[in-house]
Amino acid sequence: SFKDEVSKAILQYKKDNDSDNLIDEYNQLRVDYEQEVSEILDENSGKVSDSLLDYIDNLIDVQKRRIERLID
């Protein structure tokens, strides 16, 4: 759902070309989703492998690169 929300923010950016709004929206989404993921990982700390953590981090980072490409 993080990807979907970032995609919505990108569509809005393409309509209004407001990079500040896009950055703010992305940063808020990232904080919200990182908190959600952190809570899930905390609840399952003994069951989480390093490879899963790397995978999650990569999924979030891919969305960051999408934003960076648009505003650079």
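Everything numeric here is computed off the predicted structure, so don't read it as measured data.

1. Some words on the packing of helix α1 (residues 2-16) against helix α3 (residues 50-71)
Across the interface, α1 lies against α3 with an axial gap of 10 Å and an inter-helix angle of 5°. Between α1 and α3, the angle is such that the two are roughly parallel. In this structure, α1 uses F2, K3, V6, S7, I10, Y13 and K14 to contact α3, whose residues at the interface are I60, Q63, R66, I67, L70 and I71. The residue makeup of the contact of α1 with α3, split by class, is eight nonpolar, two polar and three charged.

2. Quick word on the nonpolar core
The biggest cluster of nonpolar side chains holds 13 residues, and the ones touching the most others in it are F2, V6, L22, Y26 and I67. Mapped by element, the contributors of at least two residues to this core are α1, α2 (19-43) and α3. Contacts of L22, omitting those with residues within four sequence positions, involve A9, I10, Y13, I67, L70 and I71.

3. A few points about the packing of α1 against α2
Where α1 meets α2, the closest approach of the two axes is 9 Å, and the angle between their N-to-C directions is 170°. As far as their axial angle goes, α2 and α1 are roughly antiparallel. Across the interface between the two elements, F2, E5, V6, A9, I10, Q12, Y13 and D16 of α1 pack against S19, N21, L22, E25, Y26, L29, R30 and Y33 of α2. Partitioned by chemical class, the residues of the contact of α1 with α2 number nine nonpolar, three polar and four charged.

4. What to know about the pattern of salt bridges
All chains considered together, the criterion is met by five salt bridges. In this structure, the salt-bridge partner of K8 is E5, at a minimum N-O distance of 3.4 Å. Pair noted here: K8 and E5 are both in helix α1, with a separation of three residues, about one helical turn. Judged by its relative accessible area of 27%, E5 is partly exposed. As a salt-bridge pair, E68 and K64 come within 3.9 Å of each other at their nearest N and O atoms.

5. Topic: the packing of aromatic side chains
Under the criterion given, the structure shown has two aromatic pairs. Among the aromatic residues, ring-to-ring pairing joins F2, Y26 and Y33 into one connected group.

What counts, and where the lines are drawn
Residues numbered from 1 in each chain as written. Predicted model: local features only at pLDDT ≥ 70, side-chain atom pairs only at ≥ 80, totals over all residues. Heavy atoms only, no water. Axes fitted to C-alpha atoms, helices over the stretch in contact; angles between N-to-C directions. Helix = DSSP H or I, 4+ residues; strand = E, 2+ residues; numbered from the N terminus. Parallel < 35°, antiparallel > 145°, perpendicular 65-115°, else oblique. Contact = heavy atoms within 4.5 Å. Nonpolar A, V, L, I, M, F, W, Y, C, P; charged D, E, K, R; others polar. Core = buried A, V, L, I, M, F, W, Y, C linked by side-chain atoms within 4.5 Å. Buried < 20%, exposed > 50% of the residue type's maximum accessible area, 1.4 Å probe, protein only. Salt bridge = Lys/Arg side-chain N within 4 Å of Asp/Glu carboxyl O. Phe/Tyr/Trp six-rings, centres within 6.5 Å; stacked < 30°, edge-to-face > 60°.

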